[in-house]
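Spelled out, the chains give:
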Amino acid sequence: MSVALNRMLGNKTDIIGLIVILIFLGVLLPLVLDIFRLNLVGKYLTYAFVAMSLVLCWGYGGILSLGQGIFFGLGGYCMAMFLKLEASDPETTAIQSTPGIPDFMDWNQLTELPWFWVPFDSFTFALVAVLVVPTVFAYIIGAAMFKRRVSGVYFAIITQAIAAILTILIIGQQGLIGGVNGITDLRTLHGWDIRDDSAKYILYYINLFLLAVCVLIGRYILNGKVGKLLLALKDKEDRVRFSGYDVANFKIFIFCVAAAFSAIGGAMFTLQVGFMSPSFVGIVPSIEMVIFAAVGGRMSLIGAIYGTLLVNYGKTLFSESFPELWLFLMGALFIGVVMAFPNGLAGIYNSLVEKYKLKMNRVDSASAVTEQST
Amino acid sequence: MFSDYSASELGSIFAMQGFSGLSLFCVFLLMALGLAIIFGQMQVINMAHGEFLTIGAYTTYLLSVVTEKYIPGFMNYYFFLAIIVAFFIAFIVGYLVELGMVRHLYKRPLDTLLATWGLSLIMQQIFRSAFGAREVSPTLPDWLLGSYQLTDIIEIPINGMLVVSVTFILTVAVFYMLNKSRAGLRIRATTQNRVMSGAAGINTKKVDRYTFAFGCGIAGIAGAVFTTIASTGPTSGSLYIVDTFLVVVFGGAASLLGTIASAFSIAQAQSIMEFFLSGSMAKVLTLLTVIIILMIKPEGLFSIKVRK
């Protein structure tokens, strides 16, 4: 048990890093910000799940997925379908020509709930689906690609195409899953109003708790044998394969974990923001999420959270006042991070710490020398 | 789905959809030619390729505005000048991009993807600031308008024929350049064995720079030609970028013949299915088929066999 705990917590700096970000997000921000802004931070934090998932599969596994939005969206849609069914009980939808089905289905002349909506009536099923549907989907994609040794650039392009396909499918199915508007007007979770302030506070903390859990799970994986193998196969895949490991299985595993993380983010997004739409599934949001991870540092789970917060804060700040400037900045961020700071914020932080340690050592040894001489 | 139509109707449907598929094929091929050179020869993923196309399109638009205002008598011929100018402007921008950015990233292909995506965001915003968010079209010369009546139901627009012929000429030219000329020989040598080519006296850095710029220049020509069939907006290049990458990957990255074959099959599949299904379902089915075939043949349709 304690071995597992050690692996989750990592070394002393890792523990401090986790405590610092938990205090920052859990104590400091709720004290400083009003509930509107805090809800906004909560929304950013749901993207942090995706950024962390990219640290796992891109930073450590070397698998750049340009379709993490797929899993974010699938998780979000699973949650949204449950909430939508709850929001459209026969009494509230009495004015529709078919009461008891979601409003957008009624607008599209559907008279019956489609079969894949039926099981989402149960909350347990929806919760399981949030995790299982994206993971199974990731398993199918991963198994089909990695077993055939599709990797690197080709994998990135194909995931991008899958994200495009899914967006086109959702937008095309106006009646079945809400089309381009997405699933909107979500009100309650088991009769609990998710739109009032106290619910928003609670959801924010649930979100934070899940984020911390994901950090621990991520560390547990990375600090173990799987993590070492991932790093090894990122550098020399063939050599790992010749050592007798089935490389594909490790890649599939980490890709599935990444999908599950993203899906949790998607579900929390739906709960906190109150809707889900195809604009979070496609290519553009997926690539933006890659930049969150890159800015934070592709090798650091905590860094990914900071990166997400920072980029999104910048986006909100600039797109409120200078919308044109934001695209320039975003572009410059992509280029700058890739060219000048490949390890992102975490990399800058680490090199600063290294420098400081070196300096401290020098001061120590210098004072030791002076002490000896006196 | 075929039973509702008679044989002759089916024939004309296939002919008409086939022709509209042909213009889609030209769009894909013109974009993919430049991309296949850059990606296939240099392993650089240029996500800003669509923006080089937009550069060509805006160049044509600017030239048409200038010609109309100052030398209206030249209106009938400016288009040929536009193609050449579009090539050179895209070439120069591509040269500068390679010099300033891409050459630092050759060892990290996935990072070129992110950096060029950033570049494409910046370029789109520049277009938006310079030309406005609205779509523009150049005034086309009179001889380009109208169409040629083939049979009672089949008529072929002249601008479509222009696109097809430019695509044909350009493809032949690229083929000739890569396979017969000295510059092409250098490019192929550098791709196949960089160290050896360097030792044999080829300046591989220079080859890389000109290859990248040349690929961008071709995108510029593509942009000039597209102004005849569609209007241009700040984001019009990025609409096709994912499709084009799939075309290149599907065809086999280093094979121009494969690029042509895959552009043709994807365009025709999509266009013919569009008649029977909705446009979005046709696209979904086409992309899905491509992905499934890619899973079976990860190296693409026509791959050069190498030991790894």
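What you see is a predicted model; the values in this text were computed from it and never measured.

S.K.: For the overall build of chain A, give the residues involved together with the corresponding values.
M.R.: Broken down by element type, chain A carries 16 helices and two strands. Residue burial in chain A is summarised as follows: out of 374 residues, 51% are buried. Taking contacts inside chain A between residues at least 6 apart in sequence as the whole, the part at least 24 apart equals 78%. Taking the 25 positively charged and 23 negatively charged side chains of chain A as two groups, their mean positions are separated by 16 Å.

S.K.: Break down the side chain of A:S300 for me, citing the residues and quoting the values.
M.R.: Structurally, A:S300 can be placed in the loop between helix 13 (283-296) and helix 14 (301-321). Take A:S300: its relative accessible area is 18%, and that puts it in the buried class.

S.K.: I'd like a rundown of the nonpolar core, residues and numbers included.
M.R.: If you look at the biggest cluster of nonpolar residues, it comprises 211 residues, and the most contacted ones within it are A:L25, A:L45, A:M52, A:I305 and B:F52. In terms of residue count, helix 3 (residues 35-60) of chain A provides more of this core than any other element does, 18 residues in total.

S.K.: Give me the lowdown on the layout of surface pockets, citing residues and values where you can.
M.R.: All names here are of chain A. Here the second largest pocket defines a volume of roughly 1000 Å³. D14, S300, A346, Y349 and N350 are the residues nearest the centre of the second largest pocket, which is lined by 30 residues in total. Contributing elements (two or more residues each) for the lining of the second largest pocket: helix 2 (12-32), helix 3, helix 9 (197-222), helix 10 (225-235), helix 14 and helix 16 (344-373). With eight residues, helix 16 is the single largest residue contributor to the lining of the second largest pocket.

S.K.: Which residues make up the packing of aromatic side chains, and what values do they have?
M.R.: Under the definition given, this model contains 32 aromatic pairs over all chains. Ring centres of A:F72 and A:F280 lie 6.5 Å apart, and the angle between their planes is 50 degrees; on these two criteria the pair is classed as tilted. One end of the pair, A:F72, is in helix 4 (residues 68-87); the other, A:F280, is in the loop between helix 12 (247-273) and helix 13, and 208 residues separate them in sequence. By the burial criterion, A:F72 is buried, and A:F280 matches it. Where A:Y204 meets A:Y205, the ring centres are 5.6 Å apart and the plane angle is 85 degrees; that geometry is what we call edge-to-face. On the accessibility criterion, A:Y205 (36% relative accessible area) is partly exposed. Site record: aromatic cluster; members linked through ring pairs are A:Y47, A:F72, A:F269, A:F275, A:F280 and A:F292. In this structure, B:R209 is placed above the aromatic ring of B:Y95, and the distance from its NZ or CZ to the ring centre is 5.9 Å.

S.K.: For empty space enclosed by the protein, give the residues involved together with the corresponding values.
M.R.: All names here are of chain B. With the rule as written, the count across this model stands at three cavities of 30 Å³ or more. Approximately 40 Å³ is the volume attributed to the largest cavity. Elements that contribute at least two residues to the lining of the largest cavity include exactly helix 9 (241-251), helix 10 (256-276) and helix 11 (279-296). Within the lining of the largest cavity, the residues separate by chemical class into five nonpolar, two polar and one charged.

S.K.: Account for the side chain of A:Q96, with residues named and values stated.
M.R.: Residues and elements named next belong to chain A. With respect to the helices and strands, Q96 occurs in the loop between helix 4 and helix 5 (103-107). Classification of Q96 as buried rests on a relative accessible area of 12%. One polar contact links the side chain of Q96 to the main-chain carbonyl oxygen of I101, over a distance of 3.0 Å. Look past the residues within four positions of Q96 in its chain and what remains in contact with it is I101, P102, D103 and D106.

S.K.: Residue-level account of unusual backbone geometry, with values.
M.R.: A positive phi angle, close to 60 degrees, is found at A:D185, a residue other than glycine. At B:Q43, a position not held by glycine, the phi torsion is positive, near 60 degrees. Following the sequence through the fold, B:Q43 ends up in the loop between helix 1 (7-42) and helix 2 (49-70). Judged by its relative accessible area of 35%, B:Q43 is partly exposed.

S.K.: Break down the pattern of salt bridges for me, with residues and values.
M.R.: Residues and elements named next belong to chain A. Taken as a whole and judged by the stated rule, the model has 13 salt bridges over all chains. As a salt-bridge pair, R241 and D238 come within 3.1 Å of each other at their nearest N and O atoms. Of this pair, R241 and D238 both sit in helix 11 (residues 237-242), three residues apart, roughly one helical turn. Residue R241 is classed as buried on the basis of its relative accessible area of 19%.

S.K.: Run through helix 10 of chain B, naming residues and quoting values.
M.R.: Each α-helix winds once per 3.6 residues, and so residues spaced three or four apart point in a common direction. Residue and element names in this part refer to chain B. Its 21 residues give helix 10 an end-to-end C-alpha distance of 31 Å, which sits within 8% of 30 Å, the value for a rise of 1.5 Å per residue. Burial in helix 10 covers these residues: L256, G258, T259, S262, A263, I266, A267, Q268, Q270, S271 and F276. Buried residues along helix 10 sit against helix 1, helix 5 (158-180), helix 9 and helix 11.

S.K.: Hey, could you go over the packing of helix 14 of chain A against helix 15 (residues 323-339) of chain A for me, with residue numbers and the actual values?
M.R.: Residue and element names in this part refer to chain A. Contact geometry of helix 14 with helix 15 gives a least axis separation of 6 Å together with a crossing angle of 150 degrees. Of the possible angle classes, the one that applies to helix 14 and helix 15 is roughly antiparallel. For the pair formed by helix 14 and helix 15, the contact residues are V311, G314, K315, F318, S319 and S321 on the first element and P323, L325, W326, L329 and L333 on the second. Considered class by class, the residues forming the contact of helix 14 with helix 15 number seven nonpolar, three polar and one charged.

S.K.: I'd like a rundown of the interface of chain A and chain B, residues and numbers included.
M.R.: Each partner contributes to the interface: chain A provides 38 residues, whereas chain B provides 39 residues. Buried surface at the junction of chain A and chain B, summed over both partners, amounts to about 3400 Å²; 83% is from carbon and sulfur atoms. Counting the surface chain A buries against chain B, the share from its top three residues, A:Y154, A:I157 and A:M339, is 17%. In this structure, the connection of chain A to chain B is made through one salt bridge. Measuring nitrogen to oxygen at the nearest pair gives 3.4 Å for the salt bridge that ties A:R298 to B:D111. At the junction of chain A with chain B, the criterion picks out four residue pairs in polar contact (both at pLDDT 80 or more). The set of elements that each furnish at least two residues to the side of chain A that touches chain B consists of helix 6 (123-146), helix 7 (152-172), helix 13 and helix 15 of chain A. Per element, the largest residue contribution to the side of chain A that touches chain B is 13 residues, and it comes from helix 7 of chain A. Across the side of chain A that touches chain B, the residue classes break down as 29 nonpolar, six polar and three charged.

S.K.: Just give me the short version of the confidence of the model for chain B, but keep the residues and values in it.
M.R.: Detail in the predicted coordinates should be disregarded across regions flagged by low pLDDT. All names here are of chain B. With 94% of its residues at a pLDDT of at least 70, chain B reaches an overall mean of 84. Ranking the helices and strands of chain B by mean pLDDT puts helix 3 (residues 78-100) first, with 92, and strand 1 (residues 147-149) last, with 72. Quick note on the complex model: pTM equals 0.88, ipTM equals 0.84.

S.K.: Lay out helix 3 of chain B in plain terms, naming residues and giving numbers.
M.R.: Residue and element names in this part refer to chain B. Taking 1.5 Å of rise per residue, 23 residues should cover 33 Å, and helix 3 covers 32 Å from first to last C-alpha, within 8% of that figure. Where helix 3 is concerned, the buried positions are Y78, F79, A82, I83, A86, F87, A90, F91, G94, V97 and E98. Buried positions along helix 3 lie against helix 2, helix 4 (109-131), helix 5 and helix 8 (204-226).

S.K.: Help me get a handle on the environment of A:Q272, residues and values and all.
M.R.: Residues and elements named next belong to chain A. Inspection of the secondary structure assignment puts Q272 in helix 12. Judged by its relative accessible area of 4%, Q272 falls in the buried class. Separated by 226 residues in the primary sequence, Q272 and T46 place their C-alpha atoms 9.1 Å from one another. If sequence neighbours within four positions are ignored, Q272 has contacts with N39, G42, K43, T46, L203, Y204 and N207.

Basis of the calculations
- Each chain has its residues counted from 1, following the order in which its sequence is written.
- By the order in which they are written, chains take letters starting at A while ligands take numbers starting at 1.
- At least 70 in pLDDT is required for a residue's local features to be given in this predicted model, at least 80 for side-chain atom pairs to be given and counted, and no such filter applies to totals for whole chains, interfaces and linings, which use all residues.
- Hydrogens and water molecules were not included; the side-chain quantities draw on all heavy atoms of the structure.
- Numbering of helices and strands starts at the N terminus; helices are DSSP runs of H or I of at least 4 residues and strands are runs of E of at least 2.
- Working definition: with a 1.4 Å probe on protein chains only, accessible area under 20% of the residue-type maximum means buried, over 50% means exposed, and in between means partly exposed.
- Whether two residues touch is decided by their heavy atoms; if any such pair falls within 4.5 Å, the residues are in contact.
- Charge assignment: positive for Lys and Arg, negative for Asp and Glu; neither His nor the chain ends contribute.
- For charged residues, the charge sits on one atom: NZ in Lys, CZ in Arg, CG in Asp, CD in Glu.
- We define a nonpolar core as any set of buried Ala, Val, Leu, Ile, Met, Phe, Trp, Tyr and Cys residues linked to one another through side-chain atoms lying within 4.5 Å.
- Here a cavity denotes a set of grid points, spaced 1 Å apart and computed over the protein atoms alone, in which a 1.4 Å probe fits but from which it cannot get out, and a pocket denotes an open set meeting protein on both sides within 12 Å along at least five of seven lines; residues with an atom within 4 Å of a point are reported as lining.
- Grid points are joined across faces, edges and corners, and a volume is the space filled by probe spheres set on the points.
- To pair, rings of Phe, Tyr and Trp, with the six-membered ring standing in for Trp, must have centres within 6.5 Å; the planes then decide the type, stacked if under 30 degrees apart, edge-to-face if over 60, and tilted in the middle.
- Charge over a ring is defined by NZ of Lys or CZ of Arg lying within 6 Å of the ring centre and within 35 degrees of the ring normal.
- Amino acid classes used here: Ala, Val, Leu, Ile, Met, Phe, Trp, Tyr, Cys and Pro are nonpolar; Asp, Glu, Lys and Arg are charged; the rest, including Gly, are polar.
- Identification of polar contacts relies on pairs of N or O atoms within 3.5 Å, with a donor-acceptor requirement for protein atoms, meaning one able to donate a hydrogen and the other able to accept it, and with residues adjacent in sequence counted only if both atoms are side-chain atoms.
- Take a side-chain nitrogen of Lys or Arg and a carboxyl oxygen of Asp or Glu: if they are within 4 Å of each other, that pair is a salt bridge.
- Multiplying one less than the number of residues by 1.5 Å gives the expected span of a helix.
- Interaxial angle, 0 to 180 degrees, is taken between N-to-C directions of lines fitted to C-alpha atoms, where a helix line uses only the stretch in contact.
- Angle categories are assigned with fixed cut-offs, so that under 35 degrees is roughly parallel, over 145 is roughly antiparallel, 65 to 115 is roughly perpendicular, and the rest are oblique.
- For any pair of parts, buried area is found by adding up, for both, the accessible area (1.4 Å probe) each one loses once the two are put together.
- Scored between 0 and 100, pLDDT is the confidence that the predictor attaches to each residue.

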